[in-house]
There are 2 protein chains.
Amino acid sequence: MMKVGILGYGNLGKGVECAIKHAPDAELTAVFTRRDPASVKLLTKGVPVVNVSEIENYKDKIDVLMLCGGSATDLPKQTPEYAKLYNVIDSFDTHAKIPEHYAAVDKAAKESGHTALISCGWDPGMFSLNRLYANCILPEGNDYTFWGKGVSQGHSDAIRRIEGVKDGKQYTIPVPEALEAVRNGENPTLSTRQKHTRECFVVAEEGADKAKIENEIKTMPNYFADYDTTVHFISEEELIRDHSGIPHGGFVFRSGKTGWDNEYNNIIEYSLKLDSNPAFTSSVLLAYARAVNRLHNEGVNGCKTVFDVAPAMLSPLSDDEIRAHML
Amino acid sequence: MMKVGILGYGNLGKGVECAIKHAPDAELTAVFTRRDPASVKLLTKGVPVVNVSEIENYKDKIDVLMLCGGSATDLPKQTPEYAKLYNVIDSFDTHAKIPEHYAAVDKAAKESGHTALISCGWDPGMFSLNRLYANCILPEGNDYTFWGKGVSQGHSDAIRRIEGVKDGKQYTIPVPEALEAVRNGENPTLSTRQKHTRECFVVAEEGADKAKIENEIKTMPNYFADYDTTVHFISEEELIRDHSGIPHGGFVFRSGKTGWDNEYNNIIEYSLKLDSNPAFTSSVLLAYARAVNRLHNEGVNGCKTVFDVAPAMLSPLSDDEIRAHML
């Protein structure tokens, strides 16, 4: 059994806990939190909730520590810090800062003899894998990534910061015509506006100026101004009833050529449709925790990504079994 | 530059030759054939065509030998045999015999210190990878594989063996309603007939009994009897004009659950739409040849499959580059 620790008990940490429940070869050792442990109620019976200040006490009891904090401020500090004590895995998703994060984690993990894996989940993660595989097979072609339909936390937060907004949710939606053009091998050049639309469900405070809110959303630079955005004002009850989930998903395409004179078209498409973004992300994390544990047991240290892990390492089955049944 | 040899210059061998042309880091050293070398005309200028009896002479000039023969009779002999002399890669696709083939190749490669990779392409190959990844992420769920729309060589051959048939092509087609049910998370139980239909284009010999041919096709055990099959009689000109290509493709789905009580549905879908089946298969082979060559240079011997290869090994780019641009 692989002994797993969780640092941070939000949606992602809870997702890891659920994934462990359904894994044949993993058990939850402890959950670490910055909050008062007494205020944190786990789903799993008999597992301790421990203040993060005591995390060093578990050094010999945990094979892999799952870092379930956020990419903005938590993980840039936590992953290098805890790679000194544990084999770690995170879902760092600030694409532009990955090289910097990698370097910091690699240094800490190598110095302490641990194994780390960063930027795991679905994007970065499974989508990255599909981009890489498809580019290696079809060196000449175009990549397309679409996100949604799904809830963007960043855009929902941006709506909620507007004066007069009590609550809100934002869905990112791929433009169907753009998907079809890519799927048909048309290799379109797509602007930001042509790829995705944004749909907002907003609960306004009593007496708030709805026209002003709508205008502020639609003209917000970076977040909404470059998109066709729809704003719906709804009641708090409707928001809770219809928009409490955190579904997400998306599409990765490679449209590429083969043949002596590039005479053949090929479309590789990978897509995800997820009822719960964090539950899926944490299921990917747990599969890769298995690989981190194995790599560590084989003496491989330092920082890795999904690109460095042979797929067989993710499976609880033996190599003989997967060759016989999945190849 | 990786120096590549090709054994067998049919559709697959020619596809490898085309893939090499478009690869930044591979060059074709020689093509080996059982035919009279003078009868084989390559697309690449200045590369020798050599009778297979002289293959040993190239021992120091080739990094990876691509075995481009058939799975029925060629590869079970060739892959173990040539793994004694070269690092090899094949597209062995008789799923049920993979364990046996693996054992024979592994023994030969280990004894001679070579690196082999078997059952590479898209199924087995990319489809297998997607089955494995998706099963590791979603341990509870159902797998679905659909093939087509595309030309099945085996079924086309079966048609051509019927008395009175001059030529013919068979397309395997997924049933759209079955695809939709899977995509919608309905987790249907599908019979053979419910998953695929078969469409045949047949050129009858002059004076042949078309009703008899059609009946023989539709009732042929294993090949057609379990499917809804359509038969079209067309002229030889029409067959050549409209059905000379070898397109193929297909879909791999995992429909699985996440959440504490499996309350969330998730659909992972991977699909391929290929103008030329052999050109794509050989592009996958060449990407994996890169990995075989690297594994050999790292001292890893024996037989491998796509499950054992870290994705980064397939790329001509450095680890830094792929982390920065594809993660």
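Quick note: structure is the one above.
Since the model is a prediction, treat every value here as computed from it, not as a measurement. (Residues numbered from 1 in each chain as written. Chains lettered and ligands numbered in written order. Predicted model: local features only at pLDDT ≥ 70, side-chain atom pairs only at ≥ 80, totals over all residues. Heavy atoms only, no water.)

Novice: Looking at this structure, I do not really get the packing of aromatic side chains. What am I missing?
Specialist: The tally for this structure, following the rule as stated, stands at 13 aromatic pairs over all chains. Centre to centre, the rings of Phe146 of chain A and Phe253 of chain A are 6.0 Å apart; their planes meet at 85 degrees, and the pair counts as edge-to-face. One end of the pair, Phe146 of chain A, is in strand E7 (residues 141-147); the other, Phe253 of chain A, is in strand E12 (residues 248-258), and 107 residues separate them in sequence. The class of Phe146 of chain A is buried, set by a relative accessible area of 0%. Measuring from centroid to centroid gives 6.3 Å for Phe251 of chain B and Phe253 of chain B, while their planes differ by 10 degrees, and the two rings are stacked. Per residue, the accessibility class of Phe251 of chain B equals that of Phe253 of chain B, and both read buried. Among the aromatic side chains, those forming a connected cluster through ring pairs are Trp122, Phe127 and Tyr270 of chain A. Sitting over the face of the ring of Tyr171 of chain A, Lys149 of chain A holds its NZ or CZ atom 5.1 Å from the ring centroid. The cationic tip of Arg323 of chain B hangs over the ring face of Tyr102 of chain A; the distance from NZ or CZ to the ring centre is 3.4 Å. (Phe/Tyr/Trp six-rings, centres within 6.5 Å; stacked < 30°, edge-to-face > 60°. Helix = DSSP H or I, 4+ residues; strand = E, 2+ residues; numbered from the N terminus. Buried < 20%, exposed > 50% of the residue type's maximum accessible area, 1.4 Å probe, protein only. Lys NZ or Arg CZ within 6 Å of the ring centre and 35° of its normal.)

Novice: Would you mind going over the relation of the copies chain B and chain A with me for this structure?
Specialist: Superposition of the two copies of the chain requires a rotation about an axis together with a shift along that axis. Overlaying chain B on chain A yields an RMSD of 0.0 Å, the required transformation being a rotation through 180 degrees with an accompanying axial translation of 0.0 Å. Interpreted geometrically, this transformation is the action of a two-fold axis. When you check the interface residues of chain B against chain A, 100% turn up at the interface there too, and the contact is symmetric in its surfaces. (Least-squares fit on C-alpha atoms with pLDDT ≥ 70 in both. Contact = heavy atoms within 4.5 Å.)

Novice: Quick question: what am I supposed to make of the pairing of strand E1 (residues 2-7) of chain B here?
Specialist: Within a regular beta strand, the side chains point alternately toward one face of the sheet and then the other, so they alternate between its two faces. Residue and element names in this part refer to chain B. Most of E1 sits out of view: five of its six residues are buried. Two strands pair when backbone bridges link them, and E1 and strand E2 (residues 26-33) are joined in this way by six bridges, in the parallel orientation. Following the sheet pairing, Met2 is matched in E2 by Ala26. Remark: the E1/helix H1 (residues 11-21)/E2 crossover connection has right-handed handedness. (Pairing = 2+ DSSP bridges. Right-handed = clockwise from strand over helix to strand, strands pointing away.)

Novice: Hey, could you run me through the sheet that holds E12 of chain A in this one?
Specialist: Strand order in the open sheet formed by six strands is E7(A)-E12(A)-E13(A)-E13(B)-E12(B)-E7(B), with antiparallel pairing between adjacent strands. Since the sheet does not close on itself, it has two edges, and those belong to E7 of chain A together with strand E7 (141-147) of chain B, each with one partner. Each strand axis lies, on average, 5 degrees off the axis of its neighbour in the sheet, ignoring direction. Across seven bridges, the pairing between E7 of chain B and strand E12 (residues 248-258) of chain B is antiparallel. Bridge assignment links Asp143 of chain B to a residue of E12 of chain B, and that residue is Arg254 of chain B. (Axes fitted to C-alpha atoms, helices over the stretch in contact; angles between N-to-C directions.)

Novice: Can you walk me through the packing of H1 of chain B against helix H10 (residues 277-297) of chain B in this structure?
Specialist: When two helices pack together, their arrangement is given by the angle between their axes and by how far apart the axes lie. Residues and elements named next belong to chain B. Direction vectors running N to C along H1 and H10 enclose 60 degrees, while the axes themselves pass 8 Å from each other. With respect to their mutual orientation, H1 and H10 come out oblique. Along this stretch, H1 crosses H10, giving a crossing that reads as right-handed. Residues Asn11, Leu12, Gly15, Val16, Ala19 and Ile20 of H1 touch H10, and the partners they reach there are Pro278, Ala279, Thr281, Ser282, Ser283, Leu285 and Leu286. (Parallel < 35°, antiparallel > 145°, perpendicular 65-115°, else oblique. Left-handed = near helix turned anticlockwise from the far one by under 90°.)

Novice: Whenever I open this one, the state of the cysteines confuses me. Can you help?
Specialist: In a disulfide, the sulfur atoms of two cysteines are held together by a covalent bond. Applying the stated criterion across every chain yields a total of zero disulfides over all chains. Just so you know, Cys120 of chain B is unpaired, no disulfide at all, and the nearest cysteine sulfur is the one on Cys68 of chain B, 11 Å from it. (Disulfide = S-S within 2.5 Å.)

Novice: What is the right way to read the sheet that holds strand E8 (residues 150-151) of chain A from this model?
Specialist: Adjacent strands of a sheet pair through backbone hydrogen bonds, lying either parallel or antiparallel. All names here are of chain A. The strand order E8-E9-E10-E11 describes an open sheet built from four strands, whose pairing is mixed. Edge positions in the open sheet fall to E8 and strand E11 (228-233), since each of these has one partner strand only. Bridge count between strand E9 (residues 165-174) and strand E10 (residues 196-204): nine bridges; the pairing is antiparallel. For Lys169, the partnering residue across the bridge sits in E10 and is Phe201. Against the sheet, helix H5 (residues 153-160) makes contact with E8, E9 and E10, and its axis sits at roughly 145 degrees relative to E9, the strand it touches most. Against the sheet, helix H8 (residues 210-218) makes contact with E9, E10 and E11, and its axis sits at roughly 150 degrees relative to E11, the strand it touches most.

Novice: When you look at the pattern of salt bridges in this model, what are you seeing that I'm missing?
Specialist: Oppositely charged side chains can form a pair if their charged atoms are brought close together. All names here are of chain A. Scanning all chains against the criterion turns up 36 salt bridges over all chains. Here Lys3 makes a salt bridge to Asp63, at a shortest N to O gap of 4.0 Å. Of this pair, Lys3 sits in strand E1 (residues 2-7) while Asp63 is found in the loop between strand E3 (49-51) and strand E4 (64-67), placing the two residues 60 residues apart along the sequence. Lys3 sits in the partly exposed class, given a relative accessible area of 29%. When the shortest N-O distance is used, the salt bridge between Arg183 and Glu269 registers 2.8 Å. Remark: Glu269 occurs in strand E13 (residues 264-274) and Arg183 occurs in helix H6 (residues 176-183); sequence separation between them is 86 residues. (Salt bridge = Lys/Arg side-chain N within 4 Å of Asp/Glu carboxyl O.)

Novice: Honestly, H1 of chain B in this entry has me stumped. Any pointers?
Specialist: Structural remark: α-helix, 3.6 residues per turn; residues separated by three or four positions point the same way. Residues and elements named next belong to chain B. Most of H1 sits out of view: eight of its eleven residues are buried. Within the span of H1, buried status applies to Leu12, Gly13, Gly15, Val16, Glu17, Cys18, Ala19 and Ile20. The elements touched by buried residues of H1 are E1, E2, strand E4 (64-67) and H10.

Novice: Looking at this model, I keep getting lost on the environment of Ile118 of chain A. Mind explaining?
Specialist: Residues and elements named next belong to chain A. Tracing the backbone through its elements, the reader meets Ile118 in the loop between strand E6 (115-117) and helix H4 (126-137). Residue Ile118 is classed as buried on the basis of its relative accessible area of 0%. Measuring from C-alpha to C-alpha, the distance between Ile118 and Ala310 comes to 15 Å, with 192 residues separating the pair along the chain. With sequence-adjacent residues up to four places away left out, Ile118 is seen in contact with Thr79, Asp90, Ile98, His101, Tyr102, Val105, Cys303, Lys304 and Thr305.

Novice: Would you mind showing me how to read the environment of Gly121 of chain B here?
Specialist: Residues and elements named next belong to chain B. Note on placement: Gly121 falls in the loop between strand E6 (115-117) and helix H4 (126-137). Each C-alpha atom of the pair Gly121 and Lys195 lies 23 Å from the other, and the pair is 74 residues apart in sequence. Setting aside chain neighbours within four positions, we find Gly121 in contact with Met126, Thr281 and Val284.

Scope: geometric values only; no functional claims are made or implied.
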